Amino acid sequence: MSIVNAPAIATKAAASPWKIVYRILKWTTLAAAVLTLVLILHKVSPPDVMNDPAAAARLAAKFQDAQMAAASGQPYLLTITEAELNSFLGTHLDLKPSGAPSVPSQTPAAAPPPAQSQANPGSAETQATVEEVQSSVRDVRINLFEDRVRAYVVFDFHGKDLSLQLEGHLHAEDGYLKFDPVSGSLGSFPLPQSSLESAVHKMMDSPENREKLRLPPEISDLRIESGAVVVSYK
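In this text the structure is predicted, and so the values were computed from the model without any measurement.

1. Re the packing of aromatic side chains
Thinking step 1. This model, assessed by the stated rule, comprises 2 aromatic pairs.
Thinking step 2. Ring centres of Tyr76 and Tyr233 lie 6.4 Å apart, and the angle between their planes is 70°; this geometry places the pair in the edge-to-face category. You can see Tyr76 sitting in strand β1 (residues 76-80) and its partner Tyr233 sitting in strand β8 (residues 228-233), a full 157 residues away along the chain.
Thinking step 3. Assessed through its relative accessible area of 11%, Tyr233 is described here as buried.
Thinking step 4. Across the ring face of Tyr176, the terminal group of Arg210 is positioned such that the distance to the ring centre comes to 3.8 Å.

What follows is the structure, encoded as structure tokens:
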């Protein structure tokens, strides 16, 4: 009796290590997925930014001097501090207040036919999507240090606040604003460098966004230097 059952017992014993490995891999993958989701949903606390009540008025005076110099054909070097930059963004960005409902997307009845959407990339359907994304931003804070900029953005994603942090080099290239990322994270989850670079460059080089990043003709250079934005006017 024991001789007849020996092959079955041997097969079962040989297969058991593979079942153990499979179970380990399955639960490890599930645990990694859950951990990734938790890290993404964990909103990072906003960074401290320099605050100056007189920053807005000071920057407005700098812009006026730069425009006067450009109109007269004189070179001008505009330096924007961290406090001035955050003050400018706070007064010029239409941020969505916390708890406010998202902008409703376009209803199917109002959307253009599929053929029209494919023929015209700037159709109303595409524009509505862009407006919906823009209206989801709740908070933007900028840190400037050395030759890099760090952006902290909180946005609404299906009723859940997510935070995005990007750090990199901001500069001008061939008359356009360029951003070269060096690190980034979604929530507490670090984004892979290759994926981050690909996503940022694809977004900035897309036809619908490229022209929005064109610098005014009177600006010859823009860079981050000694923890400040330096803009060179011709």
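2. Digging into the environment of Thr79
Thinking step 1. Here Thr79 lies in strand β1.
Thinking step 2. Overall, Thr79 belongs to the partly exposed group, its relative accessible area being 31%.
Thinking step 3. Remark: the alpha-carbon pair of Thr79 and Leu222, spanning 143 residues in sequence, is separated by 9.9 Å.
Thinking step 4. Those residues in contact with Thr79 that sit more than four places away from it in its chain are Lys62, Glu84, Ala228 and Val229.

3. As for the side chain of Ser185
Thinking step 1. By the secondary structure assignment, Ser185 is in strand β5 (residues 176-186).
Thinking step 2. The exposure class of Ser185 is buried, given its relative accessible area of 13%.
Thinking step 3. Excluding its chain neighbours within four sequence positions, the residues that come into contact with Ser185 are Ser163, Leu164, Gln165, Pro190 and Leu191.

4. What to know about the pairing of β5
Thinking step 1. In terms of strand pairing, strand β4 (residues 160-173) meets β5 through 10 bridges, oriented antiparallel. Across the sheet, residue Leu166 finds its bridge partner in β5, namely Gly184.
Thinking step 2. Connecting β4 to the antiparallel partner β5 that follows it, the hairpin turn spans 2 residues, and Asp174 within it adopts a positive phi of roughly 55°.
Thinking step 3. The turn joining β5 and strand β6 (residues 189-190), which pair antiparallel and follow one another in sequence, is formed by 2 residues; a positive phi near 65° is taken by Gly187.

5. Brief notes about the pattern of salt bridges
Thinking step 1. Applying the stated criterion across every chain, the model contains 14 salt bridges.
Thinking step 2. Between Glu167 and Arg148 there is a salt bridge; the shortest N-O distance is 2.8 Å. Of this pair, Glu167 sits in strand β4 while Arg148 is found in strand β3 (residues 148-157), placing the two residues 19 residues apart along the sequence.
Thinking step 3. Look at Glu167 and you get buried, because its relative accessible area is 11%.
Thinking step 4. Within the structure, one salt-bridge network assembled from shared partners comprises Glu146, Asp147, Arg148, Arg150 and Glu167.

6. Comments concerning the side chain of Asn86
Thinking step 1. Structurally, the position occupied by Asn86 is in helix α3 (residues 82-92).
Thinking step 2. Judged by its relative accessible area of 12%, Asn86 is buried.
Thinking step 3. Ignoring anything within four residues of it in the chain, the contact list for Asn86 reads Val49, Val140, Arg141 and Ile142.

7. A word on unusual backbone geometry
Thinking step 1. A positive phi angle, close to 55°, is found at Asp174, a residue other than glycine.
Thinking step 2. Judged by relative accessible area, Asp174 falls into the exposed class, the value being 71%.
Thinking step 3. At Ser226, a residue that is not glycine, the phi angle is positive and equals roughly 55°.
Thinking step 4. Considering the arrangement of structural elements, one finds Ser226 in the loop between β7 (219-225) and β8.
Thinking step 5. For Ser226, a relative accessible area of 71% translates into the label exposed.

8. Regarding the nonpolar core
Thinking step 1. Among the nonpolar cores identified, the biggest contains 24 residues, and Leu85, Ile142, Leu144, Val229 and Val231 are the most heavily contacted of them.
Thinking step 2. For this core, the secondary-structure elements that each account for two or more residues are α2 (55-71), β1, α3, β2 (137-145), β4, α6 (193-205), β7 and β8.
Thinking step 3. The greatest single-element share of this core, amounting to 4 residues, is contributed by β2.

9. Section: the pairing of β7
Side-chain direction in a regular strand flips from residue to residue, so the side chains alternate between the two faces of the sheet.
Thinking step 1. Two elements, β7 and β8, share 6 bridges in a ladder whose sense is antiparallel. Counted as the bridge partner of Ile224 is Val229 from β8.
Thinking step 2. Counting the residues in the hairpin turn of β7 and β8 gives 2 residues, including Ser226, whose phi is positive at 55°.

Thresholds applied
- Residues numbered from 1 in each chain as written.
- Predicted model: local features only at pLDDT ≥ 70, side-chain atom pairs only at ≥ 80, totals over all residues.
- Heavy atoms only, no water.
- Phe/Tyr/Trp six-rings, centres within 6.5 Å; stacked < 30°, edge-to-face > 60°.
- Helix = DSSP H or I, 4+ residues; strand = E, 2+ residues; numbered from the N terminus.
- Buried < 20%, exposed > 50% of the residue type's maximum accessible area, 1.4 Å probe, protein only.
- Lys NZ or Arg CZ within 6 Å of the ring centre and 35° of its normal.
- Contact = heavy atoms within 4.5 Å.
- Pairing = 2+ DSSP bridges.
- Salt bridge = Lys/Arg side-chain N within 4 Å of Asp/Glu carboxyl O.
- Core = buried A, V, L, I, M, F, W, Y, C linked by side-chain atoms within 4.5 Å.

Keep in mind these values describe shape, not function.
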